[in-house]
Amino acid sequence: MALLWLFLPRPGAEAGEAGPPISKETQECLNCHSDYQPGLVQDWMHSLHSRVTPEEALKKKPRERRVSSETIPAALRGVVVGCYECHSLNGAKHKDNFDHFDVRINVVVSPADCEVCHEVEAREFAGSKKAHALGNLAKNPVFHALVEAITSVAELRDGKVMAAGASEQTKNDTCYACHGSRVEVVGTRTIKAEPGDVVLPKLANWPNQGVGRENPDGSLGACTACHPRHEFSIEVARKPFTCSQCHMGPDVPAFEVYEESKHANIFHAKEREWNWEQVPWRVGLDFRAPTCAVCHSSLLTSAGGDVLAPRTHDFGARLWVRLFGLPYTHAQPKSGDTALIRNRDGQPLPTTFTGQPASEYLIDPKEQARRQELMKGVCRSCHNRDWVDGHFDKLNSTIRETDRMTKAATELMQRAWDAGLADRSNPFDEPLERRWMKQWLYYANSIRLGSAMSGPDHTSFQTGWFDLTTHLRELQEEIEARAKAK
Amino acid sequence: MALLWLFLPRPGAEAGEAGPPISKETQECLNCHSDYQPGLVQDWMHSLHSRVTPEEALKKKPRERRVSSETIPAALRGVVVGCYECHSLNGAKHKDNFDHFDVRINVVVSPADCEVCHEVEAREFAGSKKAHALGNLAKNPVFHALVEAITSVAELRDGKVMAAGASEQTKNDTCYACHGSRVEVVGTRTIKAEPGDVVLPKLANWPNQGVGRENPDGSLGACTACHPRHEFSIEVARKPFTCSQCHMGPDVPAFEVYEESKHANIFHAKEREWNWEQVPWRVGLDFRAPTCAVCHSSLLTSAGGDVLAPRTHDFGARLWVRLFGLPYTHAQPKSGDTALIRNRDGQPLPTTFTGQPASEYLIDPKEQARRQELMKGVCRSCHNRDWVDGHFDKLNSTIRETDRMTKAATELMQRAWDAGLADRSNPFDEPLERRWMKQWLYYANSIRLGSAMSGPDHTSFQTGWFDLTTHLRELQEEIEARAKAK
Amino acid sequence: MALLWLFLPRPGAEAGEAGPPISKETQECLNCHSDYQPGLVQDWMHSLHSRVTPEEALKKKPRERRVSSETIPAALRGVVVGCYECHSLNGAKHKDNFDHFDVRINVVVSPADCEVCHEVEAREFAGSKKAHALGNLAKNPVFHALVEAITSVAELRDGKVMAAGASEQTKNDTCYACHGSRVEVVGTRTIKAEPGDVVLPKLANWPNQGVGRENPDGSLGACTACHPRHEFSIEVARKPFTCSQCHMGPDVPAFEVYEESKHANIFHAKEREWNWEQVPWRVGLDFRAPTCAVCHSSLLTSAGGDVLAPRTHDFGARLWVRLFGLPYTHAQPKSGDTALIRNRDGQPLPTTFTGQPASEYLIDPKEQARRQELMKGVCRSCHNRDWVDGHFDKLNSTIRETDRMTKAATELMQRAWDAGLADRSNPFDEPLERRWMKQWLYYANSIRLGSAMSGPDHTSFQTGWFDLTTHLRELQEEIEARAKAK
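All values derive from a computational prediction rather than experimental measurement. (Residues numbered from 1 in each chain as written. Chains lettered and ligands numbered in written order. Predicted model: local features only at pLDDT ≥ 70, side-chain atom pairs only at ≥ 80, totals over all residues. Heavy atoms only, no water.)

### Let's talk about the overall build of chain A
When you go through chain A residue by residue, the secondary structure sums to 22 helices and 11 strands. Radius of gyration (C-alpha) of chain A: 25 Å, near the 23 Å computed for a compact globule of 486 residues. Counting only C-alpha atoms, chain A reaches 80 × 60 × 40 Å along its principal axes. Within the span of chain A, comprising 486 residues, buried residues form 59% of the whole. Taking all contacts inside chain A whose residues are at least 6 apart in sequence as the whole, residues at least 24 apart take part in 57%. On chain A, roughly 19000 Å² of surface is accessible, and the fraction owed to carbon and sulfur atoms is 54%. (Helix = DSSP H or I, 4+ residues; strand = E, 2+ residues; numbered from the N terminus. Rg over C-alpha atoms; globule rule 2.2 N^0.38 Å. Buried < 20%, exposed > 50% of the residue type's maximum accessible area, 1.4 Å probe, protein only. Contact = heavy atoms within 4.5 Å. Areas by Shrake-Rupley, 256 points an atom, 1.4 Å probe, with all protein chains shown as cover.)

Given below as structure tokens:
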């Protein structure tokens, strides 16, 4: 059955043509897996990987290339990028490597494997906060306490709610779904297949496609977080739905803010006329309103070919300030590994509870200015200088004011802790502490994202100023009531 | 005026062609109604109903057919499926049948009418929870109390809020908008039309397109809930926007969860390249990421034609567990008519307040296993066995933990009722009871849907674990405060 | 570089053709700005403005025209509508007019400038609530107090939260982002450009595209609020994403309600087959489900050419009742300038706190009936008379019941003010007052929009009846607790 439709031309090939060469090993994979995972195989057949050999890809002009490595191994150059080409790389490093009918296969393909052809992207990504997203939660004792507090199942003992501890499954289902899980080989399991039994590595914390996944080869990240499944489509990565998988919800409503912006209005109305495959991506000619990728990642040129912004796979590299308050905004960290940071109070946080930045771990004003000028340049593709300056002046005012609001809330919370109205041993588990958290984690973040990307509902009524001013007063009232009751 | 554009070829016909034959009666309908409801008539002109006669439809191979009845009456076979063909069926059973310029017409077309050509679908649907959606609320005294409590207008008497009773209009505007209303003939009304007066049946609780509508012919359901208006498009039903009409919001955020999943990411980015009309629907070839219909309803085959899942119009038929807690998760009910259920405490609920299932009304473990294997087979079209097993293991863990959280909340609530801090006569009308409800109705449901369909925001911050753990403690604190105040 | 791609044919022109004439001044703008703002220039190149001269536009039949002025000045008629044509109009009135390399240019293009060609639209808009959206907030002392209360940054003094005043930047970032800011020239600034220094007007409260913006020429409004940037696409304005920019969120979830309606279901599934450019817009032929524009603005005809509704740019002109309660629903105001209104209690509100309408400022029952009949006519394009009447009967019931709920909440709040439990000097700044506000601003509004446009989640669980009935009782309980504590 499988063979029948493998003779169908691949989407890139003319009818009657066979398309570019496929390795013998990949052909064997396809022979069975087109029966076992027909959707997966079809997905790959729609990818560039199935239609272009690295050799052909390297013939493009450097700026138009989608492969950045100059030195792709000869064995990979002449065949399309099939199952075997990716799932067999660096086998010695892969604890998930196994014998599959006399071929050595890795279950998980990691950024270290993709790096063989996509070297620059892998290197940029490796230094980013995204690559370290799991460790930045799990190795930071403050954030680890936060994760545990939020996700711990509870039970009633003598009428009191008692946390019973957060399970790995629930952490994988919540925080680590985006941040990435630690995928480990914990044994083997045997499955029966038509040609005979297969002994497979048994993986813990799997499946997971979080962006900071720890892989069985020791590498960090999951390229499929943004280049999903086996089509590896640049169109998918460039559209905002990819980023929305994680950057949404009351803590980080970036996608919701985008959705209510004029940028998204134009995107939704007109995107089907745009060119989603063009590399480099030409402002105004290929697209006429930005998506997330335009401002944060893609190689942009004018219609005439001037480079407006170079490509980056460190998605914070164009950002000077981190709007996501912990609890205050701060200059972007120098290293993607933020678990290293210690502020003046010895906490692993980029600011103290009074707002002092841990400056030695953060980029300096000169680097901030350089990045801001780069981003403003992207804006100026479509807006004039006055417009852009006015926009960022407003954002700066909003950053200052929301940080002031966080300071007021944090001072209130400090008073409550000092007065014994809450227990600061875990600062995130009591209802009063959750109220404080929502001030900076939900409302201040939402307002700043709303300001930065022009989504006025999120500055106003949707986890915006209405909530920020309401709940600051409620926090005060509740602390007073608790003090009185005590 | 009408005649002018009726001579335009229908979308399915070549220019100059008249298209397949239209009955004399339908032609008369069109002559007037193309003036009175031009949009409605155009909608029908874009449907398959206007372009294909049942006779032609039956010539297709069984698996490609969209009609499932083998025995369509001769009178209907040779003409397209027009106004008269549907609105005249089974007139004797239709209390809404009336004389319309010497033709007998039913106002409402019901599933019993659609059954003439779509027998299998109508039969499957009739046994489903959807067909019984109105009775499952209205005939179940517990859920009836819930509906009344939520939707009752109130007034102030001596400074106290007093419920004044829920009106039929408000129930139709809220719960029954999705569940369906009871459409009844309550008299006649006369309207003036160009050719003369028309005496029409006057309908109560109309309009309504709820999926469990009670029709004037005694049948249950509204096919237009999912096959909207007069285009009856399979494309519309296959896209997730159809299901989103009801399966959204804090109680059942299925659509929102889908939207943040990788499945929806791919759907939104690439769906315009897919084939939305193909029957059967070929995984990977016609679509490359699932919509609701793929997993829950459609006939799926591989590109080569192997059947991966048969079509069903009982949308729970592939489900083994009901994630929607009442208040706990439970095995799917055997019958779509869930008002029959009685648990060990005599309540019309599938579980007791301590979590014991009403097993004799629920499918047994063997049937659960059969259904789970079928659904896993759908997943395995694109994912390997390890992936799929790991995914469902995680879901099972989440089911257990959220049920434990519901149990803790319910024990707290029981204490409050026992202590007279709330009145259990209607367990859904007081603020304290609403807090308890939100634990299982909003947060636990949201988390489980988020886990099942990989939407990590809904397991975390969007009516997720953050709320579940916050509000359990708040519930405890509030009960303590009320006890103290008392 | 710029010149290179200016020789590319504009999208409307055949290859090899130059397209219609461009003025010398506009050509000079393009020479530089295609380098400086390549995206902006490309946007314009995709507009009708760049492809059609007013002279050509006027040759269309009146009903098909997109220009409504009969008397377009001769100087503008023969060239396409380029940079200079719009940015040079009415210079004497523009305080933002400046010398730009010997050409006089206005920074801001205003409705008074667009009026030169689009006279009817500008006149209709000028009388609407939208044109007065800024003044309706800022000049109304009650709403001004509301804006200040919501957006004021605060600080802690002696453990008390003290409002420190709302900044202009924050008001521009929140309420005025949609309502419009007051754009003023406050000085000059000099920027360096390649051909030499440019002295530009320095604008306060800029950028802003709020629909009621006060422009430097004294006019009100921003056409770009809905016809974004330099493509001025009718397709964009007709799609619901344009309206969603402002009409969303818990206070006015019109877009969210639309999204869950059957209308939006059909729109999302099928819109790519529709004709978004056709004028007039033919029901059923060009589109098969309404968007916001269909019901509230566009010129609609049947496929045969009968006018079903004339075009209007006063977007309230087809509405008889204002569902947005202040705090109660009321007949639509006669004038778009609602700051003029005084109710019987002397408040600048369309109803008193007991629900009495300020009738002399509101349209009368006859005008209400006329508008309702017009809107019902739009509905009857696709639905029969019974259906439409039943729909609006249900809405009327919901209006009455939600107003009753607002009355109960307001009576509770009056008691609290009278008892000194809250301070009515600013009725919007205390937590208790915010609870009261949410009853009418969030829940009652949401329910009515949900009823009007058939979005049952927003009548039920999403800021719907569940919240309305829960929080009314909570308001009572909280007032009692405060009274007791006092």
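After that view, the rundown keeps rolling.
### Some thoughts on the nonpolar core
With 128 residues, the main nonpolar core has A:Trp436, B:Trp436 and C:Trp436 as its most contacted residues. The contact partners of A:Trp436, leaving out residues within four places of it in the chain, are A:Phe353, A:Ala409, A:Thr410, A:Met413, A:Trp417, A:Pro427, A:Phe428 and A:Leu475. Counting residues in each nonpolar core, the second largest holds 43 residues, with A:Val252, A:Tyr258, A:Trp281 and A:Leu449 among its members. (Core = buried A, V, L, I, M, F, W, Y, C linked by side-chain atoms within 4.5 Å.)

### Describing the sheet that holds strand E8 (residues 300–301) of chain C
Residue and element names in this part refer to chain C. Strand order in the open sheet made by the three strands is E7-E8-E9, with mixed pairing throughout. Each having just a single partner strand, strand E7 (281–282) and strand E9 (307–309) make up the two edges of the open sheet. Judged from the two bridges that link them, E8 and E9 form a sheet pairing that is antiparallel. Residue pairing across strands places Thr-301 opposite Val-307, the latter belonging to E9. (Pairing = 2+ DSSP bridges.)

### So, the packing of aromatic side chains
Using the criterion set out here, one finds 57 aromatic pairs over all chains in the structure. Chaining the aromatic ring pairs together yields one cluster made of A:Phe241, A:Phe255, A:Tyr258, A:Phe267, A:Trp274, A:Trp276, A:Trp281 and A:Phe287. Directly above the aromatic system of A:Trp387 lies the positively charged group of C:Arg229, at a separation of 4.7 Å from the ring centroid. One cation-aromatic arrangement involves C:Arg238 over C:Trp281; the distance from NZ or CZ to the ring centre is 4.0 Å. (Phe/Tyr/Trp six-rings, centres within 6.5 Å; stacked < 30°, edge-to-face > 60°. Lys NZ or Arg CZ within 6 Å of the ring centre and 35° of its normal.)

### Section: the interface of chain A and chain C
The interface is formed by 60 residues belonging to chain A together with 71 residues belonging to chain C. Buried surface at the junction of chain A and chain C, both sides included, amounts to about 5900 Å², of which 54% is carbon and sulfur. Note that C:Glu271 is salt-bridged to A:Arg272, the shortest N-O span being 3.2 Å. At the junction of chain A and chain C, the tally comes to 30 residue pairs in polar contact (both at pLDDT 80 or more). Of all the secondary-structure elements, those providing two or more residues to the side of chain A that touches chain C are helix H16 (262–270), helix H19 (385–418), helix H21 (456–459) and helix H22 (465–485) of chain A. (Buried area = accessible area lost by both parts, 1.4 Å probe. Salt bridge = Lys/Arg side-chain N within 4 Å of Asp/Glu carboxyl O. Polar contact = N/O pair within 3.5 Å; in protein donor to acceptor, adjacent residues only side chain to side chain.)

### Concerning the side chain of C:His132
Residue and element names in this part refer to chain C. Assignment of secondary structure puts His-132 in the loop between helix H8 (119–126) and helix H9 (133–138). In terms of polar contacts, His-132 uses its side chain to reach the backbone carbonyl oxygen of Ser-128, at 3.2 Å. Apart from the residues lying within four places of it in its own chain, the contact partners of His-132 are Ala-126, Leu-220, Gly-336 and Asp-337.

### Section: the packing of helix H2 (residues 24–36) of chain B against helix H3 (residues 38–45) of chain B
All names here are of chain B. Their axes nearest at 5 Å, the elements H2 and H3 cross at an angle of 120°. Classified by the angle their axes make, H2 and H3 are oblique. Only Pro-38, Val-41 and Trp-44 of H3 make contact with H2, whose side of the interface consists of Leu-30, His-33, Ser-34, Asp-35 and Tyr-36. For the contact of H2 with H3, the residue count by class is five nonpolar, two polar and one charged. (Axes fitted to C-alpha atoms, helices over the stretch in contact; angles between N-to-C directions. Parallel < 35°, antiparallel > 145°, perpendicular 65-115°, else oblique. Nonpolar A, V, L, I, M, F, W, Y, C, P; charged D, E, K, R; others polar.)

### Things to note about the environment of B:Ala145
Residue and element names in this part refer to chain B. Turning to its location among the elements, Ala-145 is positioned in helix H10 (residues 141–151). Counting along the chain gives 281 residues from Ala-145 to Asn-426, while the straight-line C-alpha distance between them is 6.4 Å. Aside from chain neighbours lying at most four places away, what touches Ala-145 is Asn-426 and Phe-428.

### Observations regarding the interface of chain C and chain B
Interfaces are often sized by the accessible area lost when the parts come together. Listed as interface residues are 60 residues of chain C and, on the opposing side, 71 residues of chain B. Linking chain C with chain B are 12 salt bridges, by the criterion used here. Where chain C packs against chain B, one counts 30 residue pairs in polar contact (both at pLDDT 80 or more). Broken down by secondary-structure element, the contributors of at least two residues to the side of chain C that touches chain B are helix H16 (262–270), helix H19 (385–418), helix H21 (456–459) and helix H22 (465–485) of chain C. In terms of residues, the side of chain C that touches chain B owes the most to one element, H19(C), which gives 17 residues. Of the residues belonging to the side of chain C that touches chain B, the class tally is 16 nonpolar, 20 polar and 24 charged.

### Here's the deal with the sheet that holds strand E9 (residues 307–309) of chain B
Within the open sheet, the three strands sit side by side as E7-E8-E9 (chain B). Their pairing is mixed. Edge positions in the sheet fall to strand E7 (281–282) and E9 of chain B, since each has one partner strand and no second.

### Comments concerning unusual backbone geometry
For the peptide bond that leads from A:Val279 to A:Pro280, omega is -5°, which places it in the cis range. Omega for the bond connecting C:Leu326 with C:Pro327 falls within 30 degrees of zero, at -15°, which places this linkage in the cis form. Even without a glycine there, the phi angle at B:Arg229 is positive, about 50°. Within the fold, B:Arg229 resides in the loop between strand E6 (196–204) and helix H13 (234–238). On the basis of relative accessible area, B:Arg229 is assigned to the buried category, the value being 15%. Here the phi dihedral of C:Asp158 falls at roughly 50°; this positive angle occurs in a residue that is not glycine. With respect to the helices and strands, C:Asp158 occurs in the loop between strand E3 (154–157) and strand E4 (160–163).

### Focus: helix H18 (residues 365–379) of chain C
One turn of the α-helix equals 3.6 residues, which is why residues spaced by three or four share an orientation. For H18(C), built from 15 residues, the straight-helix expectation of 21 Å at 1.5 Å per residue is met to within 8% by its first-to-last C-alpha distance of 21 Å. Looking at the buried side of H18(C), the elements it contacts are helix H17 (292–296), E8, E9 and H19 of chain C. (Expected span 1.5 Å × (residues − 1).)

### Some points on the packing of helix H20 (residues 431–452) of chain B against H22(C)
Where H20(B) meets H22(C), the axes come as close as 9 Å, and the angle between the chain directions of the two elements is 145°. As H20(B) runs across H22(C), the sense of the crossing is left-handed. Contacts from B:Pro431, B:Arg434, B:Met437, B:Lys438 and B:Tyr442 of H20(B) reach H22(C) at C:Phe466, C:Thr469, C:Thr470, C:Arg473, C:Glu474 and C:Glu477. Taken together, the residues of the contact of H20(B) with H22(C) sort by class into four nonpolar, two polar and five charged. (Left-handed = near helix turned anticlockwise from the far one by under 90°.)

### Structural notes on the relation of the copies chain C and chain B
Related by rotation about an axis and a shift along that axis, the two copies of the chain form a pair. Turning chain C through 120° and shifting it by 0.0 Å along the axis lays it on chain B, with an RMSD of 0.0 Å. Expressed as a symmetry operation, the mapping of one chain copy onto the other fits a three-fold axis. Closest to the rotation axis within chain C is the C-alpha of C:Arg272, separated from it by 5.0 Å. Looking at the interface residues of chain C, only 2% of them are also at the interface in chain B, so each copy uses its own face. (Least-squares fit on C-alpha atoms with pLDDT ≥ 70 in both.)

### Looking at the environment of C:Thr224
The residue C:Thr224 is located in the loop between strand E6 (196–204) and helix H13 (234–238) in this model. Judged by its relative accessible area of 19%, C:Thr224 falls in the buried class. When the C-alpha atoms of C:Thr224 and C:Thr174 are compared, they prove to be 18 Å apart, with 50 residues separating the residues in sequence. Not counting residues within four places of it along the chain, the set of residues in contact with C:Thr224 comprises A:Lys262, C:Gln209 and C:Arg229.

### A short note on the side chain of A:Ser128
Residues and elements named next belong to chain A. Structurally, Ser-128 is set in the loop between helix H8 (119–126) and helix H9 (133–138). The class for Ser-128 is buried, based on a relative accessible area of 1%. Polar contacts involving the side chain of Ser-128 include one to the main-chain amide nitrogen of Lys-130, which spans 3.2 Å. Look past the residues within four positions of Ser-128 in its chain and what remains in contact with it is His-313, Asp-314 and Gly-336.

### Things to note about the confidence of the model for chain A
The share of residues in chain A with pLDDT of 70 or more is 96%, and the mean pLDDT across the chain is 95. Reported confidence for the predicted complex is 0.96 by ipTM and 0.97 by pTM. (pLDDT = per-residue confidence, 0-100.)

### A closer look at the pattern of salt bridges
If you walk through the whole model with that rule in mind, you get 112 salt bridges over all chains. Between A:Arg370 and A:Glu367 there is a salt bridge whose closest N-O contact spans 3.0 Å. Residue A:Arg370 and its partner A:Glu367 are both found in helix H18 (residues 365–379); the two are separated by three residues, about one turn of the helix. Its salt-bridge partner being B:Lys376, residue B:Asp389 comes within 3.1 Å of it at the nearest N-O pair. Of this pair, B:Asp389 sits in helix H19 (residues 385–418) while B:Lys376 sits in helix H18 (residues 365–379); the two residues are 13 residues apart in sequence, bridging distant segments of the chain. For the residue pair B:Asp389 and B:Lys376, the accessibility class agrees, reading buried in each case.

### Some points on the pairing of E6(B)
As paired elements, strand E5 (residues 184–193) of chain B and E6(B) share nine bridges and run antiparallel to each other. Of the residues in E6(B), the one forming a bridge with B:Arg189 is B:Leu200.

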